[in-house]
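Chain residues, written in single-letter form:
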Amino acid sequence: MADPCLEDDPAVQGRKREPFGTRFLSDPSRVFYHNAWDNVEWTEEQAAAAERKVQENSAQRVCQEKQVDYEVNAHKYWNDFYRIHENGFFKDRHWLFTEFPELAPTTNQNHLKDLILENKKDEISDYQNSKDGPGLTIEQPKCSSTGLGHKTQTPPEEETVPQKLSHLQICADKLPGSSATYRILEVGCGAGNTVFPILQTNNDPGLFVYCCDFSSTAVELVQTNSEYDPSRCFAFVHDLCDEDQSYPVPENSIDVIVLIFVLSAIVPEKMQKAINRLSRLLKSGGMMLLRDYGRYDMAQLRFKKGQCLSGNFYVRGDGTRVYFFTQGLEKVQNLVDRRLQVNRGKQLTMYRVWIQCKYRKPLPPSTT
């Protein structure tokens, strides 16, 4: 059996640790050498077993009455989640800058310029400046969750002081971050596990980060965090599925939009319209970065019978929901990240599957 403390060996400590994205398991006997391995290939038997497990746990569906409750009261379930866990459930995502260099310091401006030059060379002929946003489409999952297409009705909640301040800022004549030269918007910011690593790592004086979440409790956690700096960041409550609710930023003003484990939390039929509305906020050449759960991830295989809402869409025990994706996006990047995570202390292996995508909003055709 492999030694779970290999990295404590002096010979191992003398070598530089391999960064994420470059750890490939070629020798199964070394599985406990690192706590995670990249681009793990599944065997046919493993894939077949995962498919059987999903068929088994999705055979019994949640009744329609409960499905409506999970949709109408989604805000309540997420507020309860953040009220219980606060900022202690998720870890800060310092892997962001490996997977998404667009968020890193010094490189972001040059990276965007390179993308714009590349885009010009492509001589985009199918550019459409439609109100739905060009070139950003996702596969529409075939789901049987009928009756959930209605507009979510949420009962009024008493506003917190940070929320009231947010509304005042949104209505102000001067938009927060209006003088910024590089703007990032994170949708579904939670307690700030993406926002704060960006602010801590990226010291670009021209950077401004907007972040929003469906949960007012989550936004309050961000606004009351000691790292929150209103001169560099603006947090606000927003439901990305509400077609009547506008974002407090102008169209064509954002360089990068980030959605990490966000789309999976909403009804699949609403995903495309949410993406379309977000795409209108992007500058020409701007990027939309996504990371989310992939089909047959360990989390999907752990669901029990009676928790399935529709195809690959489930409800957790706390009432929050999650969808598991396959690749189906028009792309700059569209990949499946199959990673093997290892608990070396307990000698356990855990197979994770995520999708990672990058969209680019095309430039209008050159008039020259």
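Residues numbered from 1 in each chain as written. Predicted model: local features only at pLDDT ≥ 70, side-chain atom pairs only at ≥ 80, totals over all residues. Heavy atoms only, no water.

K.L.:
Help me understand the sheet that holds strand β9 (residues 321-323), please; the structure alone is not making it clear to me.
P.N.:
Each strand in a sheet pairs with another by means of backbone hydrogen bonds, the pair being arranged parallel or else antiparallel. Read from one edge to the other, the open sheet built from 3 strands follows the order β7-β8-β9, with strand pairing classed as antiparallel. Strands with a single pairing partner mark the edges of an open sheet, and in this sheet they are β7 (308-310) and β9. Within this sheet the neighbouring strands show an average axis-to-axis angle of 30°, counted without direction. Relative to strand β8 (residues 313-315), β7 is paired through 2 bridges, and the arrangement is antiparallel. Bridging across to β8, Ser-310 finds its partner in Phe-313. (Pairing = 2+ DSSP bridges. Helix = DSSP H or I, 4+ residues; strand = E, 2+ residues; numbered from the N terminus. Axes fitted to C-alpha atoms, helices over the stretch in contact; angles between N-to-C directions.)

K.L.:
In this structure, what is going on with the pattern of salt bridges? I would like to understand it.
P.N.:
Side chains that differ in sign of charge can pair as their charged atoms come close. The full count for this structure, using the stated rule, is 9 salt bridges. Between Glu-251 and Arg-280 there is a salt bridge, with the nearest N and O atoms lying 3.8 Å from each other. Linking Glu-251 in the loop between β4 (233-237) and β5 (254-260) with Arg-280 in the loop between α10 (271-279) and β6 (282-293), this pair joins segments that are 29 residues apart in sequence. Between Arg-352 and Asp-297 there is a salt bridge, and its shortest N-O distance comes to 2.8 Å. Taken as a pair, Arg-352 in strand β11 (residues 348-360) and Asp-297 in the loop between β6 and α11 (298-301) lie far apart in primary sequence, 55 residues in all. (Salt bridge = Lys/Arg side-chain N within 4 Å of Asp/Glu carboxyl O.)

K.L.:
Sorry, what's going on with helix α3 (residues 64-72) here?
P.N.:
Side chains of residues three or four places apart in an α-helix project in the same direction, reflecting 3.6 residues per turn. All buried positions along α3 are accounted for by Gln-67, Tyr-70 and Glu-71. Angularly, the buried residues of α3 cover 100° about the axis, an arc narrow enough to put them on a single face. Against the buried residues of α3 lie α4 (74-85), β7, β8 and β9. (Buried < 20%, exposed > 50% of the residue type's maximum accessible area, 1.4 Å probe, protein only. Arc of directions from axis to C-beta. Contact = heavy atoms within 4.5 Å.)

K.L.:
I tried to follow the packing of aromatic side chains on my own but got confused; where do I start?
P.N.:
What describes a pair of aromatic rings is the distance from one ring centre to the other and the angle between the planes of the rings. According to the stated counting rule, one finds 14 aromatic pairs in the structure shown. Both rings, one in Phe-208 and one in Tyr-210, keep their centres 4.9 Å apart while their planes meet at 55°; by these two values the pair is tilted. For Phe-208, a relative accessible area of 3% corresponds to the buried category. We classify Tyr-210 as buried; its relative accessible area is 0%. Both rings, one in Phe-303 and one in Phe-324, keep their centres 6.3 Å apart while their planes meet at 75°; by these two values the pair is edge-to-face. Of this pair, Phe-303 sits in the loop between α11 and β7 while Phe-324 sits in the loop between β9 and β10 (333-343); the two residues are 21 residues apart in sequence, bridging distant segments of the chain. Taken individually, Phe-303 and Phe-324 each receive the classification buried, so the pair is uniform in this respect. Members of the aromatic cluster, connected to one another through ring pairs, are Phe-261, Tyr-293, Phe-303, Tyr-314 and Phe-324. (Phe/Tyr/Trp six-rings, centres within 6.5 Å; stacked < 30°, edge-to-face > 60°.)

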